[in-house]
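# Chain and residue survey
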Amino acid sequence: MIWQIDLILLAFVLVCALASLMVKDLLSSAVIFGAYSFFMCILWAEMGAVDVAFTEAAVGAGVSTIFFIVAIVKTTRRTKD
Amino acid sequence: MTSRFDDVIIQTVCRILIPFIQIFGLYVIAHGHSSPGGGFQGGVILGASFILLCLSYDIKEMKRRLSRKRAILFSALGVIIYAGIGLLCLLLDGNYLDYGRLHRILPVDPVRARSMGILGIEIGVGMTVMAVMVTIFIDLASEEEKRN
């Protein structure tokens, strides 16, 4: 563990999480959430939990992003509130 | 999601890429007990390869390879494999999922039988996860009335 790399990755995770909450466009929000998942994956791999990082890369960034995008295609793209 | 979107570059690249993704998924399942990965991750990778097939071609092409009914059958089969290995250990005078007892019916020693038992469990988990991912995607992406 190198604390400088941890700090940079945690900053990226925080920025991506806040951006996916703030953005009004739901498709952009889903894509930023995928980026958040990838940064969590890198963070876990850096902390030595390779199995958790593998799961996050496959499920969080891969499949759940596709599910979000399909749900957006089926409903509306702009949020009401 | 159901309209056909023909793009020769995307379709060719995906047609070349999908077998390698599936081989990688099988590798992750087969080496799950000795390295990072396992049934869940490999099953998700296998399901994502079918989802990529649907995204690059269309949902009819995916249903031709793996229809919804067959995917549900596969998910039930994975659960049966998992529970069946567990109950087999129970029948062979051990605890539930006590793979070491499998050396009575397999021609190997108990340590090797333990490794092979966990491999069977990983195969069952991977099958179920792959089928459930494909089923969720078909339910989300296809029209309301023509689901099967």
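To be clear, the structure that these remarks concern was listed above.
A brief look at the structure comes next. Quick caveat: nothing in here was measured; it's all calculated off a predicted structure. (Residues numbered from 1 in each chain as written. Chains lettered and ligands numbered in written order. Predicted model: local features only at pLDDT ≥ 70, side-chain atom pairs only at ≥ 80, totals over all residues. Heavy atoms only, no water.)

## Points about helix α1 (residues 8-30) of chain B
Between its first and last C-alpha atoms α1(B) spans 34 Å; for 23 residues at 1.5 Å apiece the expected length is 33 Å, and the two agree. Its axis deflected by about 30 degrees at B:Leu17, α1(B) carries its strongest bend there, up to four residues before the proline B:Pro19. Of the positions making up α1(B), those classed as buried are B:Gln11, B:Cys14, B:Ile18, B:Gly25, B:Val28 and B:Ile29. On its buried face, α1(B) sits against α3 (50-74) of chain A together with α2 (39-56) and α5 (110-141) of chain B. (Helix = DSSP H or I, 4+ residues; strand = E, 2+ residues; numbered from the N terminus. Expected span 1.5 Å × (residues − 1). Bend = angle between axes of the 7 residues up to and from the residue. Buried < 20%, exposed > 50% of the residue type's maximum accessible area, 1.4 Å probe, protein only. Contact = heavy atoms within 4.5 Å.)

## Considerations on helix α1 (residues 3-22) of chain A
Residue and element names in this part refer to chain A. Relative to the 28 Å expected for 20 residues at 1.5 Å per residue, α1 spans 28 Å between its end C-alpha atoms, a close match to the ideal helical length. If you check which residues of α1 are buried, you get Asp-6, Leu-9, Val-13, Cys-16 and Ser-20. Take α1 and look down its axis: the buried residues cluster within an arc of 95 degrees, on one side only. Of the exposed residues in α1, the ones pointing more than 90 degrees away from its buried face are Trp-3, Leu-7, Leu-14, Val-15 and Met-22. Looking at the buried side of α1, the elements it contacts are α2 (26-46). (Arc of directions from axis to C-beta.)

## Brief notes about the pattern of salt bridges
Residues and elements named next belong to chain B. Across all of its chains, the model carries five salt bridges over all chains by this definition. We note a salt bridge from Arg-64 to Glu-61, for which the minimum N-O separation is 3.2 Å. Placement of the pair is Arg-64 and Glu-61 together in helix α3 (residues 59-65), with a separation of three residues, close to one helical turn. Given a relative accessible area of 57%, Arg-64 falls into the exposed group. What makes Glu-61 buried here is its relative accessible area of 17%. Among the ionic pairs, Arg-68 bridges to Asp-139, the shortest N-O distance being 2.6 Å. In this pair, Arg-68 is assigned in helix α4 (residues 68-91) and Asp-139 in helix α5, connecting sequence segments 71 residues apart. Relative accessible area serves as the criterion here: at 16%, Arg-68 is assigned to the buried category. (Salt bridge = Lys/Arg side-chain N within 4 Å of Asp/Glu carboxyl O.)

## So, the packing of aromatic side chains
All names here are of chain A. The full count for this structure, using the stated rule, is five aromatic pairs over all chains. On the numbers, 5.9 Å between centres and 75 degrees between planes, the contact of Phe-33 with Phe-68 is edge-to-face. With Phe-33 in helix α2 and Phe-68 in helix α3, the pair connects residues that are 35 residues apart, well separated along the chain. Residue Phe-33 is classed as partly exposed on the basis of its relative accessible area of 31%. A relative accessible area of 40% places Phe-68 in the partly exposed class. An aromatic cluster is defined as three or more aromatic residues linked by ring pairs; in this entry it consists of Phe-33, Tyr-36 and Phe-68. (Phe/Tyr/Trp six-rings, centres within 6.5 Å; stacked < 30°, edge-to-face > 60°.)

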